[in-house]
Amino acid sequence: MALLSYTILFLIPLITTFLARTFFSKTRPQTRHLPPGPLALPIIGHMHLFSSSPHHVLCKLAQRYGPIISLRLGSVPHVVVSSPEAAREFLRTHELAFSSRPQSFTNHYLGYGGHGFAFSPYGPYWKFMRKLCMSELLSGRSLGNLLPIRREEMHTFLLLLSRASDGVKAVNVSEELKLMVGNVISRMSMSRRCYGTEAEGVEIGGLVDEVSKLLMALNVGDFIRLFRDMDLQGLGKRMKVTHKRFDEIMEEIVREHEEKKEKDGVKDLMDILLEISEDESAEMKLKKEHIKAFIRDIFVAGTATTALGMEWTLSELIKNPRIIKRARDEIDSVVGKNRVVEESDIPNLPYIQAIVKETLRLHPTDSIILRESIEDCKINGYDIPAKTGLFINIWAIGRDPNYWENPLEFLPERFIDDNGRAQIDLRGQHYHFLPFGSGRRGCPGKTLAVQLIVTTIAAMIQCFKLKIDGNDEEEGGPIDMTVAPGLTLYRAQPLVCIPVARLDPLPLVAS
Ligand code: HEM
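Residues numbered from 1 in each chain as written. Predicted model: local features only at pLDDT ≥ 70, side-chain atom pairs only at ≥ 80, totals over all residues. Heavy atoms only, no water.

Visitor: Give a description of the sheet that holds strand E8 (residues 464-468) that names residues and reports values.
Guide: Taken in spatial order, the three strands line up as E3-E9-E8 in an open sheet, and their pairing is antiparallel. The sheet is open, and its two borders are formed by strand E3 (171-172) and E8, each paired with just one other strand. Inspection of the sheet shows E8 paired to strand E9 (residues 496-501) by five bridges, in the antiparallel sense. Its bridge partner being in E9, Leu-466 is matched across the sheet by Pro-499. Most of the contacts of helix H7 (residues 147-163) go to E8, to which it runs at about 65 degrees, and overall it touches E3, E8 and E9. (Pairing = 2+ DSSP bridges. Helix = DSSP H or I, 4+ residues; strand = E, 2+ residues; numbered from the N terminus. Contact = heavy atoms within 4.5 Å. Axes fitted to C-alpha atoms, helices over the stretch in contact; angles between N-to-C directions.)

Shown next, in the form of structure tokens:
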């Protein structure tokens, strides 16, 4: 009996491979020249390579097969790009052809039937939402108007650290940073705090985390037709629970906004979206589902990424006493000790900016950029068909030894010139440094993210020394830098520190 089962198990892939070969050799033109890649397994193709840390696995494959590789996830063709030159070809020379994103069932479901924005296909709806997002939330003018929110939330965070800064109490810094960033984004978009607010019944932090994990999970059903309705990984069940709760909270916030509409006051993003939804002559007819999905996307795209940027920067600083000392010297000479760092100080803090860039080079929070081709194209002599998924391994690109000297070392100095001026910007024009992506689908939140990360880190190290819980010494002791598995580079363990006061922020922020 056992022998029979093994024989069947052996025969299934063999027969499938034979049938697939016969089928493809008859239906596909033989002239198509695809990039090289490893042998695909029957049915699953290369899905097994995506089990734990895909950026590592794909980086190793690039060393063997080159900077442009072909893979197949189930029946869906993909290319993997792992060098700055190749990234330039895909993101600049063929920018328009790769301006879409792959469509997944999770995104369709959680995005109210595909009404999201960050993962939406390239087209008029995406263009409209992108313009709106840039003008009403993330433009220089909007960011300027919303500065008091960011300042208040940062001060609340500093005061929390200050209350715990007796040199004994440990603070889960990862958790507190996430609350701070989440509340900045929720106040900027909906005028209310939605993180750490269980008591008020509008807590969305855990839901946003779960949505992010679901969106980043590789859903077998998206790639293998046979498994489409089977929910083999249990993602469908998790999606339903999360979506229902998220929707209830969003409904309540929409209702609040509709009720206060008649009253005067500053309009937030949700007010503006609701106004457009009622405007018969608007360029795009928005439904309530579009609004909820859009705001969900802003949370998913902006919260964990920015908080992680801060966590990894702090981790690297605590690990490197020489660098943290130079950073503090810069702050003390530019800002002094009579006030807390402000966003307006950023242009005068090139070393802190360099520290943040160096962190994002080594720990780009999204290790891989996901895109999809909208038309057939030919790149470096290879045929890339329409609807091919594209993975750009920005983690590997940021460690490419052809572009970075001692790539594994944390050296912020590489981002300043001999005169101490900042160099290599974050706009996505330097294809060896792409933490925010590039081109029309590049991150619209980069200015906000950098403002938040630089100011918060500078204020933290200005006011406190940070001792890792369990270490004898302040800063410079051992620190766990393990990365959790997955496409988003979370720390495997939260960053837990004991803050030791250096400067009391209370009188400084109260004045
Ligand atoms: C350190 C923080 C952040 C990092 C590292 C980051 C990184 C990225 C990356 C790599 C992409 C894909 C780019 C591409 O395809 O070329 C992206 C897209 C996006 N990001 Fe960010 N991001 C951060 C913060 C934010 C913030 C604060 C927001 C908004 C509040 C935001 C909103 C978005 C949106 C909406 C998209 C999708 C854009 C589109 O498809 O048109 N991000 N981000």
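Visitor: How would you explain the nonpolar core if you had to name every residue and give the values?
Guide: Counting residues in hydrophobic clusters, the biggest one holds 111 residues, and the most contacted among them are Met-129, Met-270, Leu-273, Phe-294 and Met-460. Ignoring anything within four residues of it in the chain, the contact list for Leu-273 reads Met-129, Leu-132, Leu-286, Ile-291, Phe-294 and Ile-295. (Core = buried A, V, L, I, M, F, W, Y, C linked by side-chain atoms within 4.5 Å. Buried < 20%, exposed > 50% of the residue type's maximum accessible area, 1.4 Å probe, protein only.)

Visitor: With reference to specific residues and values, describe the sheet that holds strand E4 (residues 368-372).
Guide: Read from one edge to the other, the open sheet built from four strands follows the order E1-E2-E7-E4, with strand pairing classed as mixed. Taken across any chain shown, the strands that pair with only one partner, and hence form the sheet edges, are strand E1 (68-73) and E4. Adjacent strand axes in the sheet meet at a mean angle of 25 degrees when their direction is disregarded. Sitting on the sheet, helix H2 (residues 54-65) is in contact with E1, strand E2 (76-81), E4 and strand E7 (389-393), with an inclination near 130 degrees to E1. The strands touched by helix H3 (residues 84-93) within the sheet are E1, E2, E4 and E7, with E2 carrying the most contacts at an inclination of about 125 degrees.

Visitor: I'd love a proper account of the packing of aromatic side chains, names of residues and values included.
Guide: Throughout the structure, instances matching the rule amount to nine aromatic pairs. Ring centres 6.2 Å apart and planes at 75 degrees place the aromatic pair Trp-404 and Phe-433 in the edge-to-face group. Separated by 29 residues along the polypeptide, Trp-404 in the loop between helix H16 (394-397) and helix H17 (446-463) and Phe-433 in the loop between H16 and H17 bring together distant segments of the chain. For the pair shown, Trp-404 and Phe-433 are each scored as buried. Among the aromatic residues, those joined into a ring-pair cluster are Trp-404, Phe-415 and Phe-433. (Phe/Tyr/Trp six-rings, centres within 6.5 Å; stacked < 30°, edge-to-face > 60°.)

Visitor: Residues and numbers for the site of the ligand, please.
Guide: In the vicinity of the ligand lie 26 residues, with Trp-126, Arg-130, Arg-371, Arg-441 and Cys-443 positioned nearest. Between the ligand and Trp-126, the relevant distance is 2.8 Å, taken from an oxygen atom to a side-chain nitrogen or oxygen of the residue. Between the ligand and the protein, one listed contact pairs an oxygen atom with a side-chain N or O atom of Arg-130 at 2.9 Å. Only helix H5 (124-138), helix H13 (288-319), E4 and H17 provide two or more residues apiece to the shell around the ligand. Of all the elements, H13 adds the most residues to the shell around the ligand, at five residues. Residues that form the shell around the ligand fall into these classes: 13 nonpolar, eight polar and five charged. (Near = heavy atom within 4 Å. Polar contact = N/O pair within 3.5 Å; in protein donor to acceptor, adjacent residues only side chain to side chain. Nonpolar A, V, L, I, M, F, W, Y, C, P; charged D, E, K, R; others polar.)

Visitor: Quick one: what's the story with a nonpolar patch on the surface, residue by residue and with numbers?
Guide: Where nonpolar side chains cluster on the molecular surface, the patch consists of Leu-226, Met-230 and Leu-232 and spans about 330 Å² of accessible area. Counting through the fold element by element, Leu-232 comes out in the loop between helix H10 (220-223) and helix H11 (235-259). In this structure Leu-232 comes out as exposed when scored by relative accessible area, which is 52%. (Patch = residues over 30% accessible without salt bridge, like charges linked within 9 Å, V, L, I, M, F, W, Y side chains within 5 Å. Areas by Shrake-Rupley, 256 points an atom, 1.4 Å probe, with all protein chains shown as cover. Salt bridge = Lys/Arg side-chain N within 4 Å of Asp/Glu carboxyl O.)

Visitor: An account of the pattern of salt bridges is requested, with residue identities and associated values reported.
Guide: Opposite charge on two side chains makes pairing possible when the charged atoms of those side chains draw close. On inspection of all chains with the given rule, the structure shows 35 salt bridges. Of the charged contacts in the structure, one is a salt bridge between Glu-95 and Arg-440, with a shortest N-O distance of 3.0 Å. With a gap of 345 residues between them, Glu-95 in the loop between H3 and helix H4 (105-110) and Arg-440 in the loop between H16 and H17 connect regions that are remote in the sequence. Among the ionic pairs, Lys-319 bridges to Glu-316, the shortest N-O distance being 3.8 Å. Of the two residues, Lys-319 and Glu-316 are both situated in helix H13; the distance of three residues between them amounts to about one turn of the helix. Here Lys-319 falls in the partly exposed class, since its relative accessible area comes to 39%. Judged by relative accessible area, Glu-316 falls into the buried class, the value being 3%. Here the salt bridges do not stand alone but share partners, grouping Glu-152, Glu-153, Arg-187 and Arg-193 into one network.

Visitor: I'd like to hear about the coordination of the iron atom of the ligand, residue by residue, with values.
Guide: Of all protein atoms, just one serves as a donor to the iron atom of the ligand, and that atom is Cys-443 (SG), at 2.3 Å. On the secondary structure map, Cys-443 appears in the loop between H16 and H17. (Donors = N, O, S within 2.8 Å, 3.2 Å for Na, K, Ca; no water.)

Visitor: Go over the pairing of E4, please, and point to the residues and values.
Guide: Of all the five residues making up E4, four are buried; the element is thus mostly covered by neighbouring parts of the structure. With five bridges connecting them, E4 and E7 associate as antiparallel partners. Residue Glu-372 lies in a different strand from E7, and its bridge partner there is Gly-389.

Visitor: Please set out H13 residue by residue, giving values where relevant.
Guide: Between its terminal C-alpha atoms H13 stretches 47 Å, which fits the 46 Å expected from 32 residues at 1.5 Å a residue. Most of H13 sits inside the fold, with 28 of its 32 residues counted as buried. (Expected span 1.5 Å × (residues − 1).)

Visitor: Account for the confidence of the model for the chain, with residues named and values stated.
Guide: Predicted confidence across the chain gives a mean pLDDT of 91, with 93% of residues reaching 70 or more. pLDDT under 50 marks residues 1-15. Its contacts with residues more than four places away, or in other chains, come to one contact. In the model, residues 17-29 has pLDDT below 50 throughout and makes two contacts with residues more than four positions away in sequence or in other chains. (pLDDT = per-residue confidence, 0-100.)

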